[in-house]
Amino acid sequence: MKKIIPLLILAAVMSGACNKSTNLSEDDSAIEKKIDKLLSEMTLEEKIGQMNQYSGNSAITGPLKARPEQIEDLKKGWIGSMLNVVGATNTREMQKLVMENSRMKIPLIFGFDVIHGYKTIFPIPLGESASWDLEAIEASARVAGSETAASGVHWTFAPMVDIARDARWGRIMEGAGEDTYLGSLIAVARVKGFQGKDLKDNNTIVACAKHFAAYGAAEAGRDYNTVDISDRVLKETYLKPFKVAVDAGVGTFMNSFNELDGVPATGNGYLVNSILKKDWDFKGFVVSDWGSIGEMVNHGVAKDKYEAGNLAANAGNDMDMESNSYRDHLLQLVKDGKVSEKTIDEAVRRILRIKFKLGLFDDPYKYCNEELEKKEVMSEANLNMARDVSRKSIVLLKNNNQILPISSDVKTIAVIGPLADSKKDMLCNWTAMGDPNDAVTVLEGIKAQVSATTKVLYAKGCNIADDSVTNFAQAVNIAKQADIVILAIGEAGNMSGEAHSRGNINIPGRQEELAKELFKTGKPVVVLLMNGRPLTIPWLAANAPALLECWFLGTQSGNAIADVVFGKYNPSGKLPVSFPYSVGQIPVYYNHKNTGRPKLSDTDFYVSRFEDIPNEPVFPFGYGLSYTTFSYSDITLSDTAMGMQDTLAISVQVKNTGKFDGEEVVQLYIQDLVGSVTRPVKELKGFKKLMIKVGETQEVKFKISTSDLAFYTKDMSFKAEPGDFKAYVGTSSSDCKEKRFTLK
Ligand code: BGC
């Protein structure tokens, strides 16, 4: 049976086959004419008004309304967008202020950070990426989009498509991990999920590719820190997920807080005007990050907000989120001849274009429907979807003696750990309107699935981050009474996310010691690891009998984990990011370069190595076990050589050799052996997730063409160079079979 290979989908979007932005449809031409008319009637103040975005009362737990000083500006039509105002009733109220008072009656666009769900919270994006399941990821964004739209909001500040190779960076949780190819496919899936088939539908929202660009490359992983990378690395590693988001039709972009080669991204005309708007022909609008225009003063490239506003507007930043630089200075900047009216018109055109595409001019209240809100938000179907995506995101890292899955009629289970019964931690960061009270904990999930005769014992054991060991004894005591121990440890939910960089990425507090005490009992212990980033866990990896990477799975955490623990679902996740041995290895990623002195054996000395730690991560990119086992046949190539116009077929037979039906993610990597510039040791170029029944063998076929072999060559042209290559196919980035071929 032939498989659909994501590679082809990506090649299509990369090549522009899905490019929705270049050719204007009839509908688009009509929109442009309407915008011409509006622009001809608007005052300069009203135009600048469209470029301002403010936050409502940001007490996320209560109804989100305008701050008093914003009311007057709203009435005058001097605000184009609000963020953090949610709920069908609240958004209608605020929209009315504009529609019933302002001269031009241009509807507001409401934005909100719906990062992994609106109220039905899905796994953190990094965790969800471990599913390598593009359909599931798209479906998750679709649910989030429907709930958001039903709550009066038109626009999410997601997906975050920043590639991240430094687990100290707290925002690694918001992205798709370390790899550009996987990250690009996931970016497309998320954009499609949020935006659905048509933005005019009343259950779709506009997506926002953020943060443009290279925010994930912050020095030392410290949030907001300086980024200094080569243009080649920028283009090859960091920009691709943004490019494919444009080609998939993403409506908006957000720029990033960081500088890049000395120029803050918010005022970076090379990034926004040249690359995004000119080269990529992006037709949507660009919003600054929160206050980032004003922050150019701190960066030291602008004396004050007047100068900062000047830099941002001329670099192509269309909307000012919360820095007041545009509101307070743009009019004067135009009067002073620093910012042209043409620049203002272009920015406003882009903003209005998205408002038209959303259908807001037809019905500014189209999302304000309390009945739909009640029906859609946290519906049973949405919760079921969240449970399914959550279990698909779990990665089995270790399973000595096949401890897992365990039988649901085991006599006694001890559930232990500070994360075993903590509702608030399950949602992690960026919880939108998610309510911790709705979250199912591990203890609750386990209790719901065990047999009527099973005894479930519980002890917290210790806190997440303090030094107390006084409750160890109670935990050890219940472990001794149990047939199996489930131990939930890791980070607190709020240790990752924005402004949550960590210098040490170990398991905090005394939790590893608690694990040690429990292992000493000799009981089988299943460790559930919860974390918003890869953690340094060499000791745990060596000593835990069984280890499941559970990330933070959201509302349905406990149910999804119980499904995996009891074998209702056979884990199929694969790591989208490497787990470093220690902080000293960072950045550690599978597609590194070879260097002039690669380490080939443990006895080599003058080679690229550490004196005290291995070069390899504890768990590599692409790694993840199943309750069953798979065997791979040797790779077959359709030819040993291909021409520049040819395609090469690569196939492999994968057999389920174990005792459970299971899904496997078959991964294809390519290495260009000699290039005009150095090339990575291997790069992911395709994968296929497929279900293989016990004893069954399936053939998996990949097809590659020269576009998959292309890179930024010595003269910075993007092309493939003739020469020798290796194709690797396997179960993880470090466990593959290989075969050579030549590009002629
Ligand atoms: C974050 C953005 C977010 C914005 C609005 C900023 O601090 O960097 O990712 O969308 O706030 O909440």
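Residues numbered from 1 in each chain as written. Predicted model: local features only at pLDDT ≥ 70, side-chain atom pairs only at ≥ 80, totals over all residues. Heavy atoms only, no water.

Q: Help me out: how do you make sense of the overall build of the protein chain in this one?
A: Looking only at helices and strands, the protein chain features 24 helices and 27 strands. Against the 2.2 N^0.38 benchmark of 27 Å for 744 residues, the protein chain shows a C-alpha radius of gyration of 26 Å, consistent with a compact globule. A sequence separation of at least 24 residues applies to 79% of the contacts in the protein chain between residues at least 6 apart. Here the protein chain displays about 27400 Å² of accessible surface, and carbon together with sulfur accounts for 49% of that area. Charge-centre separation for the protein chain: the mean point of 87 positive side chains lies 3 Å from the mean point of 93 negative side chains. (Helix = DSSP H or I, 4+ residues; strand = E, 2+ residues; numbered from the N terminus. Rg over C-alpha atoms; globule rule 2.2 N^0.38 Å. Contact = heavy atoms within 4.5 Å. Areas by Shrake-Rupley, 256 points an atom, 1.4 Å probe, with all protein chains shown as cover. Lys, Arg positive; Asp, Glu negative; His and termini not counted. Charge placed at Lys NZ, Arg CZ, Asp CG, Glu CD.)

Q: Looking at this structure, how should I read unusual backbone geometry?
A: Leaving glycine out, the prevailing phi sign among residues is negative, and the prevailing peptide bond configuration is trans. In this structure, the amide linkage connecting Leu404 to the following residue, Pro405, adopts the cis form with an omega of -5°. If you trace the backbone, Pro405 turns up in the loop between β11 (395-399) and β12 (412-416). Residue Pro587 follows Ile586 across a cis peptide bond; omega there is 0°. Even without being glycine, Ala220 reaches a positive phi, approximately 60°. Structurally, Ala220 is set in the loop between β5 (208-212) and α9 (231-238). Assessed through its relative accessible area of 46%, Ala220 is described here as partly exposed. For Met716, which is not glycine, the phi torsion reads 65° and is therefore positive. Taking relative accessible area as the criterion, Met716 reaches 28% and is therefore assigned partly exposed. (Buried < 20%, exposed > 50% of the residue type's maximum accessible area, 1.4 Å probe, protein only.)

Q: Mind showing me how you'd approach the packing of helix α4 (residues 68-76) against helix α5 (residues 88-101) here?
A: The packing of two helices is summarised by the inter-axis angle and the distance between the axes. One way to put it is that α4 packs onto α5 with a least axis distance of 7 Å and a crossing angle of 45°. It follows that α4 is oblique to α5 by the angle criterion. Residues Ile71, Leu74 and Lys75 of α4 pack against Met94, Leu97, Val98 and Asn101 of α5. Split into classes, the residues belonging to the contact of α4 with α5 amount to five nonpolar, one polar and one charged. (Axes fitted to C-alpha atoms, helices over the stretch in contact; angles between N-to-C directions. Parallel < 35°, antiparallel > 145°, perpendicular 65-115°, else oblique. Nonpolar A, V, L, I, M, F, W, Y, C, P; charged D, E, K, R; others polar.)

Q: Quick question: what am I supposed to make of the domain arrangement of the protein chain here?
A: The figure often quoted for interface size is the accessible area lost as the parts come together. Taken domain by domain, the protein chain comprises domain 1 (405-585) and domain 2 (630-743). On a C-alpha basis, the centres of domain 1 and domain 2 stand 35 Å from each other. Contact with domain 1, which involves five residues of that partner, is made by nine residues of domain 2. Here domain 1 meets domain 2 over a buried area of about 540 Å², counting both sides, of which 46% is carbon and sulfur. Of all residues in domain 1, Asn570, Ser572 and Lys574 bury the most surface against domain 2, accounting for 78% of the area lost on that side. (Domains from an automatic or database assignment. Buried area = accessible area lost by both parts, 1.4 Å probe.)

Q: Can you walk me through the sheet that holds strand β1 (residues 52-55) in this structure?
A: Backbone hydrogen bonds are what pair the strands of a sheet, in a parallel or an antiparallel way. Pairing within the open sheet is parallel, and its five strands lie in the order β4-β3-β2-β1-β10. Where the open sheet ends on each side, the last strands, each with one partner, are β4 (155-156) and β10 (320-321). Two strands pair when backbone bridges link them, and strand β3 (residues 109-112) and β4 are joined in this way by two bridges, in the parallel orientation. Paired with Phe112 across the two strands is Thr156, which belongs to β4. (Pairing = 2+ DSSP bridges.)

Q: Could you clarify how one ought to interpret the site of the ligand in this entry?
A: Around the ligand, a shell composed of 13 residues is seen, among which Asp113, Arg171, Lys210, His211 and Asp289 lie nearest. At 2.8 Å, a side-chain N or O of Lys210 approaches an oxygen atom of the ligand. Within the side chain of Asp289, a nitrogen or oxygen atom sits 2.6 Å from an oxygen atom of the ligand. In isolation the ligand has 310 Å² of accessible area, and contact with the protein removes 93% of it. The residue inventory of the shell around the ligand, partitioned by class, reads seven nonpolar, one polar and five charged. (Near = heavy atom within 4 Å. Polar contact = N/O pair within 3.5 Å; in protein donor to acceptor, adjacent residues only side chain to side chain.)

Q: What should I look at first to understand the sheet that holds strand β6 (residues 252-255) in this one?
A: Strand order in the open sheet made by the three strands is β5-β6-β9, with parallel pairing throughout. Two strands bound the open sheet, and with one partner strand each, they are β5 and β9 (285-287). Here the average twist between neighbouring strands, direction ignored, is 25°. As paired strands, β6 and β9 are joined by three bridges and run parallel to one another. Paired with Phe253 across the bridge in β9 is Val286.

Q: I keep staring at the nonpolar core and nothing clicks. Help me out?
A: Burial of nonpolar side chains together is a common tendency in soluble globular proteins. With 91 residues, the main nonpolar core has Ile413, Ile416, Leu518, Leu528, Leu540 and Leu548 as its most contacted residues. Grouped together as the second largest cluster of nonpolar side chains are 90 residues, Ala144, Ala158, Ala265 and Ala312 included. (Core = buried A, V, L, I, M, F, W, Y, C linked by side-chain atoms within 4.5 Å.)

Q: Explain the pairing of strand β21 (residues 662-672) here, please?
A: Each regular strand carries side chains that alternate between the two faces of the sheet. Within β21, eleven of the eleven residues are buried, leaving the element largely enclosed by the surrounding structure. What you see with β21 is no split at all: Gly662, Glu664, Val666, Leu668, Ile670 and Asp672 on one side and Glu663, Val665, Gln667, Tyr669 and Gln671 on the other are buried throughout. Bridge analysis of β21 against strand β22 (residues 683-692) gives nine bridges, and the strand direction is antiparallel. Residue pairing in the sheet places Glu664 in a bridge with Leu690 of β22. The sheet contact formed by β21 and strand β26 (residues 723-732) spans six bridges and is antiparallel. Counted as the bridge partner of Leu668 is Val729 from β26.

Q: Is there a simple way to think about the packing of aromatic side chains in this case?
A: Aromatic ring pairs are defined here through the distance separating the ring centres and the angle between the ring planes. A full pass over the atoms with the stated rule returns 25 aromatic pairs. Ring geometry for Phe356 and Phe361: centres 3.9 Å apart, planes at 15°, overall stacked. Of the residues examined, Phe361 reaches a relative accessible area of 25% and is grouped as partly exposed. A centroid spacing of 6.5 Å and a plane angle of 75° characterise the contact between Phe579 and Phe619, whose relative ring orientation is edge-to-face. With Phe579 in the loop between α23 (557-565) and β17 (630-632) and Phe619 in the loop between α23 and β17, this pair connects stretches of sequence that are 40 residues apart. The pair Phe579 / Phe619 is uniform in exposure class, with both members buried. Taking NZ or CZ as reference, Lys682 lies 4.7 Å from the ring centre of Tyr728, over its face. (Phe/Tyr/Trp six-rings, centres within 6.5 Å; stacked < 30°, edge-to-face > 60°. Lys NZ or Arg CZ within 6 Å of the ring centre and 35° of its normal.)

Q: What is the right way to read helix α7 (residues 134-150) from this model?
A: For α7, built from 17 residues, the straight-helix expectation of 24 Å at 1.5 Å per residue is met to within 8% by its first-to-last C-alpha distance of 24 Å. With 14 of 17 residues buried, α7 lies mostly within the body of the structure. Put simply, Asp133 is the residue that caps the front of α7, since its side-chain oxygen is 3.2 Å from the backbone nitrogen of Glu135. Positive backbone phi, approximately 85°, marks Gly152, located one or two places after α7. (Expected span 1.5 Å × (residues − 1).)

Q: Help me understand the environment of Ser325 in this model?
A: By secondary structure assignment, the location of Ser325 is in helix α14 (residues 325-335). For Ser325, a relative accessible area of 0% translates into the label buried. Ser325 has contacts with Ile293, Gly294, Lys305, Gly309, Asp320 and Leu330, leaving out every residue within four places of it along the chain. One polar contact links Ser325 to Ser323, side chain to side chain, over a distance of 2.6 Å.

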